[in-house]
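Listed below are the residues making up each chain.
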Amino acid sequence: MNVFTLNEAFQYVDDKYLDIVEQERVRKVRRRAGNRQGLIAACIVGLILILGLPAVAIAANWFGLRDLIIPKTHTDVSPKGDEGVCIGLSGYQGSAEWQALAEWQEFVSQYDPDGIIYQNTDGRLDSSFARYSCYLVYSQEMAEEIDRITEKYGLVLHTTSYDLQEHPELVETLGDFLGDNGGYYTYMYEDGTFEVEGTIQFADIGAWDFVLLRSVKGTFHDAMLNIGEIAEYQEMLYESECGVPVTLALGKSRGLVLADLEDSFVTISIPYGTENGLEQAHLEILADSIDFAALTPVVKPWLDVTNSGGAAGQDEAAEDGSEVAADYDTDARRIYAATLRNLLYSNILPDGSTVEVSTGQYSSFAVYDVDSDGKEELVLLYDPGAMVGEIGYIIGYDRNTGEIYIQLERFPYFAFLKNGNLKALSSHNQTYGDMWPYSFYQYIPESDTYELAGYVHSEDRRILELIGKADQYPYEADISKTGTVYYVGTDGWGTKPMDETDYMEWLNTNEGNVEELEIPYLSFTEENIEKMECRSFMGSGKRR
Amino acid sequence: MEDARIVALYLERSELAIQETDNKYHMFLQSIIYNILRDSCDTEEIVDDTYMGAWNAIPPTIPDSLKHFLSRIARNLSFDRLDYRLAGKRKAQLVELDECIPDTGRGVEEMIEAEEIGEVLNRFLEGLNRKSCAVFLGRYYYCYSIDELAGQYGLTKRQVKYMLSKTRNKLRSCLEQEGVAI
């Protein structure tokens, strides 16, 4: 076999794996849209579209789609020429949710119409905006306005967005509300507002995708949908099979099922309409296939962040491979939370030094027993957006003094091994080997610190051959003929090539040939810090 | 238009099939082809060739997923064009993939066809977590750049490189275990 055959073999990759490429991408885009900068960008686009709508008088209302329309506030034509109306997805006119959204949109439509104020933020906002991270809020005026509106209508703001692909357990508690329609979970907010994608199989026209959004009442939710021309829609009231009355709305290019439940508003949208062959009967089938009753009453999600993200059995392992339980130390978590807040709000790093930028977009943290000593450590990966400022800390807590101490400070790129040792990965791989270069650290339980055992990198014969430097490959050292030689240095990067057998022996001797832990990192938000901290009160004692 | 309907148009030999395919998948195909060729003129040409390939293949083939079916045609045609254009030089993705070919030192012991290796690949992908799978195929099936993958999956470039590096090593082990040899 050669590389061309291998490349050719990719055409036989199953469709389901190709689907994952797209699904993961969509998920990431959505999740990123949930963060501040993504939201700003996305909403500015949305704003442009909304501003571009022509003024159209809203015809006489009846209970249904028209009661969701968010009034137009501007008459410019959008650069894309998009037309149509936008509906709010959190409640009908008259509800606090709808009124708040309408008022917010009115403000937004006049505020920073050309995006200059946003541009001036240069994509960076200080930590005082953390509480608006689920919304398009990038100035003090906007913060004040959203606070005023939500207070006026007795609503609260979203605080946390969970990725349902990573935490499907949050939506699975709702049971089989999607019936046979499958479902691809996207996100859920802290109040139980969530979105899922499903596929319904119609006997006559095949499989059609849809999106279901449950917007929980009492929280300001700014989701909207451009539905095109309202006049194109035919609406009817219908009682679904589970006994819940819904509104069915069918347009040329979209179909909608709307359910105004006691504590939430549910919108199901199919991005196809009559011009694609969708009929009212199909919407009835779709409505019947959803168990709306299972969507109410709303139960707020509770995420056990300490166990999230990692697979079962990946918690801790002692040196001999047996698992040990990690203590939930309430005091430790309080101090860890304070340490994180020092950085989030005051730009103070764990070592006491200050930085210009607080947490940046990619900073994260985890509280986990990474060295398998039975106690949880704080792993803080500080990434301000520029590689030069990135720092990673492994922090322990001393119960006697009540203070934290830094066990290791390196570039924030760790591979923790199940026996407590770790590989501190380099910032770049500038070697001629495919293996990522790393510094290997052994955990020293007596001092609860790490000790450097060696710097490791490799060199691949093929890479050197491909770049025309085959003569540089140390063939004589590659006794096993694996095509790779290794370098291990103690005072710096090694210069003497080793055969793979010798490298493996070195690794085994130093207890480095051990499976890596999957660390459940959390994004650096107040909500996540709060959850980490609160978990200590709810889960005192041993993990198992 | 729904895929099943477009496929039905191909089966009916209606030229509307090409038009509907173009309406729905032009951008998608353009992006795959451009990722491989990085040339706008060639890209448009291969998009058209892809439609022709689909027209010639359906029937008898009735694809489960028209989208992926088209992507395979586009990918194959693009690499054919690349072979012609580069005549011996290799694209970065192929250079990286070369690392996955086991070097057993035993020479040619067994010839495994691409289809069989494809089966091995599928078994290998089954064992990956979703993110690694997406990034791996994003790189070696759809030929996205490291930058693009980082943007698409909310990762840093470094994370993408490390993830790919680990996945390639795993693939190499998997191919070795399956007895695939050069």
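Everything below is about the structure shown above.
In short, a report on the structure.

The rules we used
Within every chain, residues take consecutive numbers counted from 1 along the sequence as written. Each chain takes a letter, starting from A, and each ligand takes a number, starting from 1, following the order in which they are written. Only residues with pLDDT of at least 70 are given local features in this predicted model, and only at 80 or more are side-chain atom pairs given and counted; all residues enter the totals for whole chains, interfaces and linings. In computing side-chain properties, one takes all heavy atoms of the structure into account and sets aside hydrogens as well as water. Each helix corresponds to a stretch of at least 4 residues labelled H or I by DSSP, and each strand to a stretch of at least 2 residues labelled E; elements are numbered beginning at the N terminus. Only protein chains enter the accessibility calculation, which uses a 1.4 Å probe; a residue is then buried when its area is under 20% of its type maximum, exposed when over 50%, and partly exposed in between. Any two residues whose heavy atoms approach within 4.5 Å at even a single point are treated as in contact. For accessible areas, the Shrake-Rupley method is used with a probe of radius 1.4 Å. Any residue's cover is judged against the shown protein chains and nothing else. Among buried residues, those of type Ala, Val, Leu, Ile, Met, Phe, Trp, Tyr and Cys that are joined through side-chain atoms within 4.5 Å constitute a nonpolar core. What a helix should span is 1.5 Å times the count of its residues minus one. Polar contact is defined as a pair of N or O atoms within 3.5 Å, subject to the rule that within protein one atom must be able to donate a hydrogen and the other to accept it, and that residues adjacent in sequence are counted only when both atoms are side-chain atoms. The term buried area means the drop in 1.4 Å probe accessible area that two parts suffer when joined, counted for both and summed. For this analysis, a salt bridge means a side-chain nitrogen from Lys or Arg found within 4 Å of a carboxyl oxygen belonging to Asp or Glu. Here the rule is simple: two strands pair whenever DSSP picks up at least two bridges between them. Note that the arc is defined by the directions from the helix axis to the C-beta atoms.

1. Points about the overall build of chain A
- Of the regular secondary structure elements, chain A holds 12 helices and 25 strands.
- Within chain A, buried positions represent 55% of all 544 residues.
- Counting only contacts in chain A whose residues sit at least 6 apart along the sequence, the fraction spanning at least 24 positions is 60%.
- Surface summary for chain A: the accessible area is close to 22,900 Å², and the carbon and sulfur share equals 49%.

2. Quick notes on the nonpolar core
- In this structure, Phe 10 of chain A together with Leu 29, Leu 125, Phe 136 and Leu 137 of chain B are the most contacted members of the largest nonpolar core, which totals 63 residues.
- At 8 residues, helix α2 (residues 16-37) of chain B tops the list of elements feeding residues into this core.
- Here Phe 136 of chain B is in contact with Phe 10 of chain A together with Leu 121, Phe 124, Leu 125, Tyr 141, Leu 164, Thr 167 and Leu 171 of chain B, once residues within four sequence places are set aside.
- Judged by nonpolar contacts, the second largest core, of 43 residues, contains Trp 98, Val 108, Leu 136 and Val 137 of chain A.

3. With respect to helix α6 (residues 114-126) of chain B
- Taking 1.5 Å as the rise per residue, α6 of chain B with 13 residues should run 18 Å; its terminal C-alpha atoms sit 18 Å apart, in good agreement.
- Among the residues making up α6 of chain B, those that are buried are Ala 114, Ile 117, Gly 118, Val 120, Leu 121, Asn 122, Phe 124 and Leu 125 of chain B.

4. Here we look at the side chain of Arg 72 of chain B
- In this structure, Arg 72 of chain B sits in helix α4 (residues 66-86).
- When its relative accessible area of 16% is taken as the criterion, Arg 72 of chain B is described as buried.
- From its side chain, Arg 72 of chain B meets the backbone oxygen of Val 13 of chain A in a polar contact 2.6 Å long.
- With near-sequence residues (within four places) excluded, Arg 72 of chain B lies in contact with Gln 11, Val 13, Asp 14, Asp 15 and Leu 18 of chain A together with Tyr 141 of chain B.

5. A closer look at the interface of chain A and chain B
- On the side of chain B, 62 residues touch chain A, which itself brings 59 residues to the contact.
- Both sides together, the interface formed by chain A and chain B hides about 5,500 Å², and carbon and sulfur atoms give 55% of it.
- Applying the counting criterion to the chain A and chain B interface returns 4 salt bridges.
- Run the count over chain A and chain B and you get 16 residue pairs in polar contact (both at pLDDT 80 or more).
- At the level of secondary structure, the elements contributing two or more residues to the side of chain A that touches chain B comprise α1 (3-9), α2 (15-34), β6 (206-216) and α10 (461-466) of chain A.

6. A few points about unusual backbone geometry
- Following Thr 296 of chain A, the chain continues into Pro 297 of chain A via a peptide bond in cis, with omega recorded as 0°.
- Locating Pro 297 of chain A in the fold gives a position in the loop between α8 (280-289) and β13 (327-328).
- In this structure, Lys 481 of chain A is a non-glycine residue whose phi angle is positive, near 55°.
- By relative accessible area, Lys 481 of chain A is classed as exposed at 52%.
- Even without glycine at this site, Cys 143 of chain B takes up a positive phi of about 60°.
- Relative to the helices and strands, Cys 143 of chain B resides in the loop between α7 (130-140) and α8 (146-153).

7. Some thoughts on the environment of Ala 281 of chain A
- Along the polypeptide, Ala 281 of chain A turns up in helix α8.
- Sequence separation between Ala 281 of chain A and Leu 248 of chain A is 33 residues; the distance between their C-alpha atoms is 9.7 Å.

8. With respect to the sheet that holds strand β23 (residues 497-498) of chain A
All names here are of chain A.
- Spatially, 6 strands are ordered β18-β19-β20-β21-β22-β23 in an open sheet, and the strand pairing comes out antiparallel. Edge positions in the sheet fall to β18 (414-416) and β23, since each has one partner strand and no second.
- Relative to strand β22 (residues 484-489), strand β21 (residues 449-460) is paired through 6 bridges, and the arrangement is antiparallel. Each residue of the ladder has a partner; that of Tyr 455, found in β22, is Gly 489.

9. Focus on α8 of chain A
Residues and elements named next belong to chain A.
- All buried positions along α8 are accounted for by Gln 280, His 282, Leu 283, Leu 286 and Ala 287. Down the axis of α8, the smallest arc covering the buried residues is 155°, so these residues share one side.
- Buried positions along α8 lie against β5 (194-202), β6, β9 (234-239), β10 (245-250), β11 (255-260) and β12 (264-270).

10. Details of the pairing of strand β17 (residues 403-410) of chain A
Residues and elements named next belong to chain A.
- Where strand β16 (residues 391-398) and β17 come together, 7 bridges link them in antiparallel fashion. Bridge pairing links Asp 398 to Glu 403 in β17.
- Taking the residues that link successive antiparallel strands as the turn, the β16-β17 hairpin has 4 residues, and the phi of Gly 402 there is positive, at about 75°.

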